[in-house]
Amino acid sequence: MASRVFARSMAAAAKNTKPPVQLFGVDGTYANALYSASVEQSSVDASYQGLTKVSDLIKQDHKVAEFLSNPALNLEDRKIVISTISQSLGLDKTVLNFLGVLSENNRLSEFDNIYKNFGSLYEAYQGVVEAKITSSKPLDNKTLKRLQAAIQKSSFVGQGKTLKINSEVQPEILGGLVVEVGDKTLDLSISSKVARLNQTLGEAL
């Protein structure tokens, strides 16, 4: 019953509190809802710390991981597992109720992805802006530092924010770079230029 009340309060909080970054999909929706509820009902720090404790437990205890990933587990058994985990880890009420919502919706198996999404929200809440740089070949440290300095000064980041760079190699972009900062994308790849050229030629014929 408490988790159902919490589910309604999460929905109401989501309308009133806008997450710092936009997430999509089922996992993103749950992460957004928990973030909104955390802002209104407890604290984002406490929620992230609680989720981290659960994540660490899942990695350390295979039995817990098996329980949470078992879709055939009935609701009562899931409630018992959640209650035991909460007491063991000393979780705050917001995280406990959130796990209850996941349990009732049989979404406990998706905890890891929800935790990762909430981690993105938490970093943004802390003032961390993540930039993903995709190249066709590995970039050297000098180039990465120059790109980091340029992105840090851009309007994508803003004053008082901390920039976090993640680099990825995808040979299929052929050359150039794809820079993603938050929900903004700057596509300077050769593959993108070729695609635009093909489209232009197609329209001209």
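The chain is annotated in an unreviewed UniProt entry as ATP synthase subunit 5, mitochondrial from Candidozyma pseudohaemuli. Database annotation for the chain, UniProt heading Subcellular location (unreviewed entry): "Membrane". Heading Sequence similarities (unreviewed entry) of the UniProt record for the chain holds this comment: "Belongs to the ATPase delta chain family."

**Details of the packing of helix H2 (residues 25-41) against helix H6 (residues 93-104)**
Where H2 meets H6, the closest approach of the two axes is 11 Å, and the angle between their N-to-C directions is 150°. Taken together, the axes of H2 and H6 are roughly antiparallel relative to one another. Here H2 runs over H6; the crossing is right-handed. For the pair formed by H2 and H6, the contact residues are Tyr30, Leu34, Ser38 and Gln41 on the first element and Thr94, Phe98, Val101 and Leu102 on the second. When grouped by side-chain class, the residues that make up the contact of H2 with H6 number five nonpolar, three polar and no charged.

**Here we look at empty space enclosed by the protein**
Going through the model one piece at a time under the given rule, you end up with one cavity of 30 Å³ or more. Put simply, the largest cavity is a space of about 40 Å³. Lining the largest cavity, in full, are Leu68, Ser69, Asn70, Pro71, Arg78, Asn106, Arg107, Leu108 and Ser109. Of the residues in the lining of the largest cavity, the class split is three nonpolar, four polar and two charged.

**Some words on the pattern of salt bridges**
The tally for this structure, following the rule as stated, stands at five salt bridges. In this structure, Lys164 and Glu123 form a salt bridge, with 3.0 Å as the shortest nitrogen-oxygen distance. Separated by 41 residues along the polypeptide, Lys164 in strand S2 (residues 162-169) and Glu123 in helix H7 (residues 111-125) bring together distant segments of the chain. The partner of Glu168 in a salt bridge is Lys132, with the nearest N and O atoms 3.4 Å apart.

**Side note on the nonpolar core**
Core analysis: the largest hydrophobic core is formed by 29 residues, its most contacted members being Val54, Ile85, Leu99, Leu102, Phe111 and Phe118. Taken together, the elements giving at least two residues each to this core come down to H2, helix H3 (44-60), helix H4 (62-68), helix H5 (75-89), H6 and H7. No other element matches H7, which puts six residues into this core. Setting aside its immediate chain neighbours within four residues, Ile85 contacts Val54, Leu57, Val64 and Leu91. In terms of nonpolar packing, the next biggest core, distinct from the first, is built from eleven residues, Ala131, Ile133, Val157 and Val179 among them.

**Details of the domain arrangement of the chain**
Under the domain assignment used here, the chain contains domain 1 (26-124) and domain 2 (128-204). Computed over C-alpha atoms, the centres of domain 1 and domain 2 are 33 Å apart.

**A word on unusual backbone geometry**
Phi is positive for Asn106, close to 55°, though the residue is something other than glycine. Tracing the backbone shows Asn106 in the loop between H6 and H7. Of the residues examined, Asn106 reaches a relative accessible area of 33% and is grouped as partly exposed.

**As for the layout of surface pockets**
By volume, the largest pocket is sized at about 700 Å³. Val21, Glu130, Val181, Gly182 and Asp183 are the residues nearest the centre of the largest pocket, which is lined by 25 residues in total. Broken down by secondary-structure element, the contributors of at least two residues to the lining of the largest pocket are H7, strand S1 (128-135) and strand S3 (177-181). Taken together, domain 1 (26-124) and domain 2 (128-204) each give at least three residues to the lining of the largest pocket, which thus spans both.

Basis of the calculations
- Residues numbered from 1 in each chain as written.
- Predicted model: local features only at pLDDT ≥ 70, side-chain atom pairs only at ≥ 80, totals over all residues.
- Heavy atoms only, no water.
- UniProt positions renumbered as here; feature names shortened; annotations may be inferred.
- Axes fitted to C-alpha atoms, helices over the stretch in contact; angles between N-to-C directions.
- Helix = DSSP H or I, 4+ residues; strand = E, 2+ residues; numbered from the N terminus.
- Parallel < 35°, antiparallel > 145°, perpendicular 65-115°, else oblique.
- Left-handed = near helix turned anticlockwise from the far one by under 90°.
- Contact = heavy atoms within 4.5 Å.
- Nonpolar A, V, L, I, M, F, W, Y, C, P; charged D, E, K, R; others polar.
- 1 Å grid on protein atoms, 1.4 Å probe; cavity = no way out; pocket = protein on both sides within 12 Å on 5 of 7 lines; lining within 4 Å.
- Points joined across faces, edges and corners; volume = space filled by probe spheres on them.
- Salt bridge = Lys/Arg side-chain N within 4 Å of Asp/Glu carboxyl O.
- Core = buried A, V, L, I, M, F, W, Y, C linked by side-chain atoms within 4.5 Å.
- Buried < 20%, exposed > 50% of the residue type's maximum accessible area, 1.4 Å probe, protein only.
- Domains from an automatic or database assignment.

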